[in-house]
Amino acid sequence: MRTYYRDRYQLAQVERLVERTYNQYLLDECKAQRKYKKQLQNAAKKFTDSEPKKERSQKKANEFELTRCDELNDLFPTRRQY
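Residues numbered from 1 in each chain as written. Predicted model: local features only at pLDDT ≥ 70, side-chain atom pairs only at ≥ 80, totals over all residues. Heavy atoms only, no water.

Draft legend 1. Region of interest: the packing of aromatic side chains. Applying the stated criterion across every chain yields a total of two aromatic pairs. For the pair Tyr 22 and Tyr 25, a centre-to-centre distance of 5.7 Å together with 25° between the ring planes defines the contact as stacked. Of the two residues, Tyr 22 and Tyr 25 are both situated in helix α1 (residues 8-46); the distance of three residues between them amounts to about one turn of the helix. Relative accessible area serves as the criterion here: at 30%, Tyr 22 is assigned to the partly exposed category. Its relative accessible area of 34% is what places Tyr 25 among the partly exposed residues. The interplanar angle of 65° and the centroid separation of 5.1 Å between the aromatic rings of Tyr 36 and Phe 64 together place this pair among those described as edge-to-face. With Tyr 36 in helix α1 and Phe 64 in the loop between α2 (51-63) and α3 (67-75), this residue pair connects regions lying 28 residues apart in the sequence. Note on Phe 64: relative accessible area 24%, which makes it partly exposed. (Phe/Tyr/Trp six-rings, centres within 6.5 Å; stacked < 30°, edge-to-face > 60°. Helix = DSSP H or I, 4+ residues; strand = E, 2+ residues; numbered from the N terminus. Buried < 20%, exposed > 50% of the residue type's maximum accessible area, 1.4 Å probe, protein only.)

Draft legend 2. Seen up close, the packing of α1 against α2. Across the interface, α1 lies against α2 with an axial gap of 8 Å and an inter-helix angle of 165°. Our classification of the angle between α1 and α2 gives roughly antiparallel. Between α1 and α2 the crossing geometry is left-handed. Contacts from Tyr 36, Lys 37, Leu 40, Gln 41, Ala 44 and Lys 45 in α1 reach Lys 54, Ser 57, Gln 58, Lys 60, Ala 61 and Asn 62 in α2. Looking at side-chain class alone, the contact of α1 with α2 contains four nonpolar, four polar and four charged residues. (Axes fitted to C-alpha atoms, helices over the stretch in contact; angles between N-to-C directions. Parallel < 35°, antiparallel > 145°, perpendicular 65-115°, else oblique. Left-handed = near helix turned anticlockwise from the far one by under 90°. Contact = heavy atoms within 4.5 Å. Nonpolar A, V, L, I, M, F, W, Y, C, P; charged D, E, K, R; others polar.)

Draft legend 3. Region of interest: the pattern of salt bridges. Overall, the coordinates contain one salt bridge when judged by the stated rule. The salt bridge partner of Arg 68 is Glu 71, with a shortest N-O separation of 2.7 Å. Remark: Glu 71 and Arg 68 occur in helix α3; sequence separation between them is three residues, near one turn of the helix. Here Arg 68 falls in the partly exposed class, since its relative accessible area comes to 25%. (Salt bridge = Lys/Arg side-chain N within 4 Å of Asp/Glu carboxyl O.)

Spelled out as structure tokens, the structure:
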């Protein structure tokens, strides 16, 4: 494994690369969570035969937290809100 503590430029490059990679990971995960939540909401709308089942499904969809979106906004606040 290479050490970067002596060369600040290379260390900064590695840090930027890690930051960009994690930012992209969070963007992708946020998008996937939003898509999943939308699927839950759409599935809840399709329940017509059972009102309690529909309410449970809607509650599940509404309570699904977008944790990666929250993390993205916390770590990279200069990005637009997701």
